[in-house]
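Listed here are the chains, written in short residue letters.
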Amino acid sequence: MPARRLLLVLFSLYALRIWISSRLGLHADEAYYWVWSRHLAWGYFDHPPMIAWIIRIGDDTVGALLPEAWRASQAGAQIAMRALPMLLTAVVTPYFLVRAIERLQRKPIDAAQGTVLLSTPLFVLGPMIVTPDAPFFAAWAGALYLVLRFPSAWRKEATPWRPSLAVGLGICLGIAGLSKYSAVLAAVLVVGARIGIANLFVAGGVALAIFAPHLAWQIGGGAGAQDGGLFFQLRNGLGSRSGAPNWSQVGDLWLTQALFWSPALFLGSLVVAFRRAPEASLSRRLLAWAFLPVLFFSWAALHRRPEGNWPLVGCLAAIVLVLAFARGRKGCLLAIGFSNLLVLTVGFALVGGASTLAPLASAWPRLRVELEKPSRAHEFEAWRDLHAQAFRAMASDSAPVRVQSYQLLSTLLFFDAIAPAEKRFGDRLKIWSEASRASQFDAWEEYRFPLREHPAHWRFVSGPHLPDDRPPCPVVELLEKGDARRPFRVIRCEAGQGL
């Protein structure tokens, strides 16, 4: 497929995603990263800073181009926030993968390969919300492609000096490191990629120069002394190493990856890598790119249940490996396409709620449990209406508002920014640290509640579990967001009460 036609297809799909984005609601995680983008720094409590930077660049650029009335709408605000992250997931990442496939097969990608590539669950479901995976996946895909550009990655021969490739590789590694800490796995893979000592030192030096400011921020205690940044992710990802290993969690992780990649890609990468072929050694190195993240987080899963997206970046190399092998093999491409369609059908059913399909999964208890769960679409719905309800309920005075969780506070702040001036909380919104998981809000003075002053205040909470107040504060009003299964409570505490 010519580069011009490929880019036309990718940008057309990107435009479609942007249009859908204007109609899709907001997820609380996206709002959290958006709040980071309003407070630019070299790092944050939960992650390195790249996701905040690209949200801010896209938000400011697109926001400046949109009419003021459109920018103040929910659709316009979401488009501006998602514009650049979606460009990375819908255009940059697949473009790098296509070029990597062409490099591996030494022929242009054909229409069938392109269709199967863009129908993988990773690209259909992955870019639905903005996460740190957007820049991370783009940088990882770029690093994979550049490694394949080195001739010595293919043959046992003297390693040529390729400074431009080495610098580009270093930039990709640096961006990956500023996106997620698991980029260290990409660095390990590059070391074993046979690109030569000189090229490796250049790439490593560039990557370290890019990552150094964040490292300095971490050493300087940028997000709560030794509690934030890398230290938080080590505790969160690895958990406590005491206790007996939980092998069922490892099995769950592998099953999850097989479904997220699509079974044909997951199993196909193993088959292709171990076939007898002139370039079998290269195929096995690509297999390492695919499965090192899975193996690393399998080790972590022995003591802490991992999230399914943590090792998902390995799917990128599997796509390259399997689709390059499948060129011209209609049966292989048809099998992969069918596998993709099956996973997408289940995925959309889970997002949209598929309790009517649950009886069909009686032979698979875990799948049946997932199908019986309520629709996850409500996680995106009615946040703006909830903000308006909350403001009306607490508009009688200007007392501070302690919000129960960092996700809930983030969504209120997002919609506060686009609300009319007379319907904004302004600087009243604070984090209720005692009721929330530790987050970046605890490091920002402006969001801390002045406990020592014991002022009168409001509380905005969701869920049944709250700290034991003595004496308790009365509930003033119950609010609903979309569905009534999890009401939100507006609580009023007088001076000294509930503290």
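The structure presented is a predicted model; accordingly, all values stated were derived computationally and were not measured. (Residues numbered from 1 in each chain as written. Predicted model: local features only at pLDDT ≥ 70, side-chain atom pairs only at ≥ 80, totals over all residues. Heavy atoms only, no water.)

Chemist: Outline the state of the cysteines, listing residues and values.
Modeler: Using the criterion set out here, one finds 1 disulfide in the structure. The disulfide partner of cysteine 473 is cysteine 493, and the S-S distance across this bridge is 1.9 Å. Between cysteine 473 and cysteine 493, the disulfide has an S-S torsion of 115° and is therefore right-handed. With a gap of 20 residues between them, cysteine 473 in the loop between strand E3 (457–462) and strand E4 (475–481) and cysteine 493 in strand E5 (residues 483–493) connect regions that are remote in the sequence. (Disulfide = S-S within 2.5 Å. Helix = DSSP H or I, 4+ residues; strand = E, 2+ residues; numbered from the N terminus.)

Chemist: Residue-level account of the side chain of serine 269, with values.
Modeler: Relative to the assigned elements, serine 269 resides in helix H14 (residues 263–273). At 2.8 Å, the side chain of serine 269 and the backbone oxygen of phenylalanine 266 are in polar contact. Not counting residues up to four positions away in its chain, the partners in contact with serine 269 are Trp261, Leu287, Phe291, Ala318, Leu321 and Val322. (Polar contact = N/O pair within 3.5 Å; in protein donor to acceptor, adjacent residues only side chain to side chain. Contact = heavy atoms within 4.5 Å.)

Chemist: A description of the pairing of E3 should follow, citing residues and the corresponding values.
Modeler: The side chains of a regular strand alternate between the sheet's two faces. Taken across its 6 residues, E3 has 6 buried, putting it largely inside the fold. Neither face of E3 is exposed, since His457, Arg459 and Val461 on one face and Trp458, Phe460 and Ser462 on the opposite face are all buried. When strand E1 (residues 401–403) meets E3, the two strands line up parallel, connected through 3 bridges. Among the inter-strand pairings, valine 401 is bridged to a residue of E3, identified as tryptophan 458. (Buried < 20%, exposed > 50% of the residue type's maximum accessible area, 1.4 Å probe, protein only. Pairing = 2+ DSSP bridges.)

Chemist: A description of the packing of aromatic side chains should follow, citing residues and the corresponding values.
Modeler: On inspection of all chains with the given rule, the structure shows 27 aromatic pairs. Both rings, one in phenylalanine 296 and one in phenylalanine 297, keep their centres 5.0 Å apart while their planes meet at 85°; by these two values the pair is edge-to-face. A relative accessible area of 32% places phenylalanine 296 in the partly exposed class. On the basis of relative accessibility, which here comes to 8%, the residue phenylalanine 297 falls in the buried class. When the centroid spacing of 5.1 Å and the interplanar angle of 85° are considered together, the rings of phenylalanine 441 and tyrosine 447 count as edge-to-face. Considered together, phenylalanine 441 and tyrosine 447 belong to a single accessibility category, that of buried residues. Through successive ring pairs, a cluster of aromatic residues spans Tyr32, Tyr33, Trp36, Tyr44, Tyr406, Phe441, Trp444 and Tyr447. The positively charged end of lysine 481 is found above the aromatic ring belonging to tryptophan 383, 4.4 Å away from the centroid. (Phe/Tyr/Trp six-rings, centres within 6.5 Å; stacked < 30°, edge-to-face > 60°. Lys NZ or Arg CZ within 6 Å of the ring centre and 35° of its normal.)

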